[in-house]
Amino acid sequence: MTMSRSPITCHVLDSSTGKPAEGVVIRLQIFESSGTDGPDIFHPLAKGVTNADGRCVDLLPPVGSGEAKEQNTELVAGQTYKIVFKTKEYFQRTGRDSFYPWVEITFIIESSKEHYHIPLLISPYGFTTYRGS
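Residues take numbers from 1 onward in each chain, read along the sequence in its written order. Restriction of local features to residues with pLDDT of at least 70 applies here, the model being predicted, together with a cutoff of 80 or more for giving and counting side-chain atom pairs; totals for whole chains, interfaces and linings are based on all residues. Only hydrogens and water are set aside when side-chain values are computed; all heavy atoms of the structure are taken into account.

S.K.: So what's going on with the packing of aromatic side chains? Residues and values would help.
M.R.: Stacked, edge-to-face and tilted labels apply to pairs of Phe, Tyr and Trp rings (six-membered ring for Trp) whose centres lie within 6.5 Å, assigned for plane angles under 30 degrees, over 60, and everything in between, in that order. Taken as a whole and judged by the stated rule, the model has five aromatic pairs. Judged by centre distance (6.2 Å) and plane angle (20°), the ring pair of Tyr81 and Phe107 falls under stacked. Here Tyr81, found in strand E6 (residues 80-86), pairs with Phe107, found in strand E7 (residues 103-108); they are 26 residues apart in sequence, far enough to count as distant. When the centroid spacing of 4.9 Å and the interplanar angle of 85° are considered together, the rings of Phe99 and Tyr100 count as edge-to-face. Residue Phe99 is classed as exposed on the basis of its relative accessible area, which comes to 56%. Members of the aromatic cluster, joined through ring pairs, are Phe99, Tyr100 and Phe127. Seen from the ring of Phe42, Lys82 lies directly overhead, with NZ or CZ sitting 4.2 Å from the centre. Sitting above the plane of the Trp102 ring, Lys86 keeps its charged end 5.4 Å from the centroid. The helix count covers DSSP runs of H or I at least four residues long, the strand count covers runs of E at least two residues long, and both are numbered beginning at the N terminus. Exposed residues in this analysis have more than 50% of their type's maximum accessible area, buried residues have under 20%, and partly exposed residues fall in between, with area computed by a 1.4 Å probe over protein chains only. Consider the ring centre and the ring normal. A charge sits over the ring if Lys NZ or Arg CZ is within 6 Å of that centre and within 35 degrees of that normal.

So this is what it looks like as structure tokens:
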């Protein structure tokens, strides 16, 4: 099954203004366990920025595409990933202080053929998320 969109998308809404959060920098990382001998680390996989609607829909190439295979960005079932939203810069641009400089959401891919949508609601002093559709 080939999708025509990124297998991971996100949407950031500023709940303190009721509007989409445009220009939030996003980093997608993949987890590597070193077992008992070394540190567990996350490696950079992709980066993006939310659009005027607060969405990032082109984080990764579509599943099954030649580009995904070339860039080695195919999702792996059972693998742990992390998406990092750089919220401090967004709030600074809008003239507000904030408590959290970034929001990290760690999740496990259940199936490499599914789409994963990660909504984030932010305010200067709080955030919430869930698995979207």
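S.K.: Give me empty space enclosed by the protein: which residues, what numbers.
M.R.: Cavities and pockets were defined on a 1 Å grid built over protein atoms only: a cavity is a set of grid points that admits a 1.4 Å probe from which the probe cannot escape, a pocket is an open set flanked by protein on both sides within 12 Å along at least five of seven lines, and lining residues are those with an atom within 4 Å of any such point. Grid points are joined across faces, edges and corners, and a volume is the space filled by probe spheres set on the points. For the structure on display, the rule yields one cavity of 30 Å³ or more. Its boundaries defined by the atoms lining it, the largest cavity holds a volume of some 40 Å³. Lining the largest cavity we find Thr87, Phe91, Ser98, Tyr100, Val103, Ile122, Ser123, Pro124, Gly126 and Phe127. The classification used treats Ala, Val, Leu, Ile, Met, Phe, Trp, Tyr, Cys and Pro as nonpolar, Asp, Glu, Lys and Arg as charged, and all other residues, Gly among them, as polar. Taken together, the residues of the lining of the largest cavity sort by class into six nonpolar, four polar and no charged.

S.K.: Can you tell me about the state of the cysteines, naming the residues and giving the values?
M.R.: We call a pair of cysteine sulfur atoms a disulfide whenever their separation is within 2.5 Å. Going through the model one piece at a time under the given rule, you end up with zero disulfides. Lacking any disulfide linkage, Cys10 is separated from the closest cysteine sulfur, that of Cys56, by 4.8 Å. Among the residues examined, Cys56 registers a relative accessible area of 1% and is labelled buried.

S.K.: Outline the pairing of E6, supporting the account with residue identities and numerical values.
M.R.: For E6, the tally of buried residues reaches six of seven residues, placing the bulk of the element in the interior. Strand pairing follows a simple DSSP-based rule, namely that at least 2 bridges must link the two strands. By the bridge criterion, six bridges tie strand E3 (residues 25-32) to E6 in an arrangement that is antiparallel. The residue bridging Gln29 from the neighbouring strand is Lys82, located in E6. With six bridges joining them, E6 and E7 adopt antiparallel strand pairing. The residue of E7 that forms the bridge with Lys82 is Thr106.

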